[in-house]
Amino acid sequence: SQARCELSGVAMDSVLLFVGGRAGTPSATFNYFSKADIFNINMNMWIDTEGLSVPRALMGSARVGSKAIFAGGITTGGLFSDVIEYYDESTNTWD
């Protein structure tokens, strides 16, 4: 896992997803992350997975069935993102 703030999270059936976020201070440049951390509740362990295609923070997130959806957010330079991505728990893949 990576220390960061303003990340997004979703609780699924057997996993918790924590994605994106940023680190730094307002007086310095923020570093935005595409990192995805997945914790399997049943196995009590972290699972490796791909991350987001666009590093960003402050995304909207929701669960729909076996999918966790992450939308929008803020990217490097404080720009707004219109990217929507989802993680499918049943296949452990990102789209």
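Residues numbered from 1 in each chain as written. Predicted model: local features only at pLDDT ≥ 70, side-chain atom pairs only at ≥ 80, totals over all residues. Heavy atoms only, no water.

(A) Quick peek at the environment of phenylalanine 30. Within the secondary structure, phenylalanine 30 sits in the loop between strand S3 (22-23) and strand S4 (31-32). For phenylalanine 30 and phenylalanine 80, which are 50 residues apart along the polypeptide, the C-alpha to C-alpha distance reads 14 Å. Non-local contacts of phenylalanine 30, meaning those with residues more than four positions away in its chain, are made with Arg22, Ala23, Gly24 and Thr25. (Helix = DSSP H or I, 4+ residues; strand = E, 2+ residues; numbered from the N terminus. Contact = heavy atoms within 4.5 Å.)

(B) Representation of a nonpolar patch on the surface within the structure. A cluster of nonpolar residues, Leu7, Phe18 and Trp46, forms a patch on the protein surface that exposes about 270 Å² of accessible area. Looking at the secondary structure, you find leucine 7 in the segment before strand S1 (8-11). The exposure class of leucine 7 is partly exposed, given its relative accessible area of 34%. (Patch = residues over 30% accessible without salt bridge, like charges linked within 9 Å, V, L, I, M, F, W, Y side chains within 5 Å. Areas by Shrake-Rupley, 256 points an atom, 1.4 Å probe, with all protein chains shown as cover. Salt bridge = Lys/Arg side-chain N within 4 Å of Asp/Glu carboxyl O. Buried < 20%, exposed > 50% of the residue type's maximum accessible area, 1.4 Å probe, protein only.)

(C) Spatial organisation of the confidence of the model for the chain. Per-chain confidence: the chain averages 91 in pLDDT, with 96% of residues scoring 70 or above. For the chain, strand S12 (residues 93-94) is the element with the lowest average pLDDT, namely 88, and strand S7 (residues 60-64) is the one with the highest, namely 97. (pLDDT = per-residue confidence, 0-100.)

(D) Quick look at the nonpolar core. Counting 13 residues, the largest nonpolar core has Met12, Leu17, Val19, Ala68, Phe70, Tyr87 and Trp94 as its most contacted members. Take this core: its biggest share by element is three residues, from strand S2 (residues 15-19). (Core = buried A, V, L, I, M, F, W, Y, C linked by side-chain atoms within 4.5 Å.)

(E) Spotlight on the environment of phenylalanine 80. Its location among the elements puts phenylalanine 80 in strand S10 (residues 79-80). Spatially, the C-alpha atoms of phenylalanine 80 and leucine 58 are 9.8 Å apart, while their sequence positions differ by 22 residues. Apart from the residues within four sequence positions on either side, phenylalanine 80 is in contact with Gly73 and Ile74.

(F) Highlighting the pattern of salt bridges. Tallying each qualifying case throughout the model produces six salt bridges. Measuring nitrogen to oxygen at the nearest pair gives 2.3 Å for the salt bridge that ties arginine 22 to glutamate 6. Of this pair, arginine 22 sits in strand S3 while glutamate 6 is found in the segment before S1, placing the two residues 16 residues apart along the sequence. Classification of arginine 22 by relative accessible area gives buried; the value is 12%. When its relative accessible area of 30% is taken as the criterion, glutamate 6 is described as partly exposed. The salt bridge involving aspartate 37 is made with lysine 35; its shortest N-O contact spans 3.3 Å. On the basis of relative accessible area, lysine 35 is assigned to the partly exposed category, the value being 33%. Through salt bridges with shared partners, a single ionic network connects Arg4, Lys35 and Asp37.

(G) Just the environment of arginine 4, in detail. Within the fold, arginine 4 resides in the segment before S1. Classification of arginine 4 as buried rests on a relative accessible area of 14%. Considering only alpha carbons, one finds arginine 4 and glycine 24, 20 residues apart in sequence, at a separation of 8.4 Å. Filtering out sequence-adjacent residues up to four positions away, arginine 4 remains in contact with Phe18, Val19, Gly20, Gly21, Arg22, Phe33, Lys35 and Asp37. A polar contact is formed between the side chain of arginine 4 and the side chain of aspartate 37, at a distance of 3.0 Å. (Polar contact = N/O pair within 3.5 Å; in protein donor to acceptor, adjacent residues only side chain to side chain.)

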